[in-house]
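What follows is the residue order along each chain.
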Amino acid sequence: MPLVVLVMNDSGYGAEVLKMGWKQRDPRDAQWKSPDYVGVARAFGADGVRLERVDDLAPAIERGFRSGG
């Protein structure tokens, strides 16, 4: 069964970052370094691509379904 998985990651808890700012606390306490999700996908035998722009999303999903994996 063809399957495309989309992982959206902002490297933090978005609402918590905002709330920390309101409380004059360091927002870095609600952020972290994320793993290489492309590498994780490939380690499981899948493929992956990292997107930097919203405009790249639709073509990436189409390529994913065309790959048949």
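Thresholds applied
- Residues numbered from 1 in each chain as written.
- Predicted model: local features only at pLDDT ≥ 70, side-chain atom pairs only at ≥ 80, totals over all residues.
- Heavy atoms only, no water.
- Helix = DSSP H or I, 4+ residues; strand = E, 2+ residues; numbered from the N terminus.
- Rg over C-alpha atoms; globule rule 2.2 N^0.38 Å.
- Buried < 20%, exposed > 50% of the residue type's maximum accessible area, 1.4 Å probe, protein only.
- Contact = heavy atoms within 4.5 Å.
- Areas by Shrake-Rupley, 256 points an atom, 1.4 Å probe, with all protein chains shown as cover.
- 1 Å grid on protein atoms, 1.4 Å probe; cavity = no way out; pocket = protein on both sides within 12 Å on 5 of 7 lines; lining within 4 Å.
- Points joined across faces, edges and corners; volume = space filled by probe spheres on them.
- Nonpolar A, V, L, I, M, F, W, Y, C, P; charged D, E, K, R; others polar.

Draft legend 1. Inspection of the overall build of the protein chain at higher detail. What the protein chain contains, in helices and strands, is three helices and zero strands. Reading the secondary structure of the protein chain in the N-to-C direction produces α-α-α. Taking 2.2 N^0.38 as the reference for a compact globule, 69 residues should give roughly 11 Å; the C-alpha atoms of the protein chain span a radius of gyration of 16 Å, well beyond that estimate. Summarising its shape, the C-alpha atoms of the protein chain cover approximately 50 × 25 × 20 Å along the three principal directions. Taking all 69 residues of the protein chain together, 9% fall into the buried category. Here the contacts in the protein chain between residues at least 6 apart in sequence split such that 32% fall between residues at least 24 apart. When the accessible surface of the protein chain is split by element, carbon and sulfur atoms take 57% of a total near 6,100 Å².

Draft legend 2. Examining the layout of surface pockets more closely. Taken as a whole, the largest pocket encloses approximately 1,200 Å³ of empty space. As for the largest pocket, its lining consists of 31 residues, of which V5, L6, V7, V49 and R50 are closest to the centre. Listing elements by their share of the lining of the largest pocket, those giving two or more residues are α2 (37–43) and α3 (57–66). Broken down by element, the residue count for the lining of the largest pocket peaks at five residues, all from α3. Looking at the lining of the largest pocket residue by residue, the classes come out as 18 nonpolar, seven polar and six charged.

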